[in-house]
Structure formats: C-alpha cells, structure tokens
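In case you want the letters, here they are:
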Amino acid sequence: MRLAGTAAIYFSAILKYLMAEILELAANVSNYIRKKHITPPHVRVANGGDEELTHLLKFEGSIRLPKKKAEEINTQCAWKY
C-alpha cells in the first residue's frame, strides 16, 4: 500500500495534538495535588478522568478517581496566563 508524501505530516500533527491533550490533563492532575513534576501516575489518573482518552488509549490497570473529583480536576486550567 502506498501513502502520500504528506501522510507523515498529518500523522505527526495527530501525535502532537494527542500529546498536548494528555500533557494538559496530566498537568491539571499534578497541579491539583500540588506537585511540580508530571509522573506516569498523573497521566493514568488524567486518562481515567477523560472518557474519550480512556476509550482511545485503554490503559490496563489505570488509576481511577471518583467521577466527581476527576471532572473537577479536568475543569481547572493547568497554565495561568
């Protein structure tokens, strides 16, 4: 199967978007628990709080927060401008 020359560009744009989403949610989690660094558990908790990412990534054995707390974390902004 042949791919167009621009396929790599589209693929890299998709990966960049997914990474930005995941890191934003993980940053929200780390800020919520007052940590300065994002660690793998923060990514797992962020994944558990977002239904679309959960469906897309499906982490095995991911850490779950109660739905109310996960929604509270996801509504907070990670970076204050």
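Residues numbered from 1 in each chain as written. Predicted model: local features only at pLDDT ≥ 70, side-chain atom pairs only at ≥ 80, totals over all residues. Heavy atoms only, no water.

Chemist: Where do I start with the packing of helix 1 (residues 7-32) against helix 2 (residues 40-49) in this structure?
Modeler: Across the interface, helix 1 lies against helix 2 with an axial gap of 8 Å and an inter-helix angle of 105°. Here helix 1 lies roughly perpendicular to helix 2, going by the angle between them. Residues Ile-22, Leu-25, Ala-26, Val-29 and Ser-30 of helix 1 lie in contact with helix 2, whose contacting residues are His-42, Val-43, Val-45 and Ala-46. Its residues assigned to classes, the contact of helix 1 with helix 2 comprises 7 nonpolar, 2 polar and no charged. (Axes fitted to C-alpha atoms, helices over the stretch in contact; angles between N-to-C directions. Helix = DSSP H or I, 4+ residues; strand = E, 2+ residues; numbered from the N terminus. Parallel < 35°, antiparallel > 145°, perpendicular 65-115°, else oblique. Contact = heavy atoms within 4.5 Å. Nonpolar A, V, L, I, M, F, W, Y, C, P; charged D, E, K, R; others polar.)

Chemist: Sorry if this is basic, but what is going on with unusual backbone geometry here?
Modeler: Most peptide bonds take the trans configuration, and most residues that are not glycine carry a negative phi. A positive phi angle, near 60°, is found at Arg-34, a position not held by glycine. Tracing the backbone shows Arg-34 in the loop between helix 1 and helix 2.

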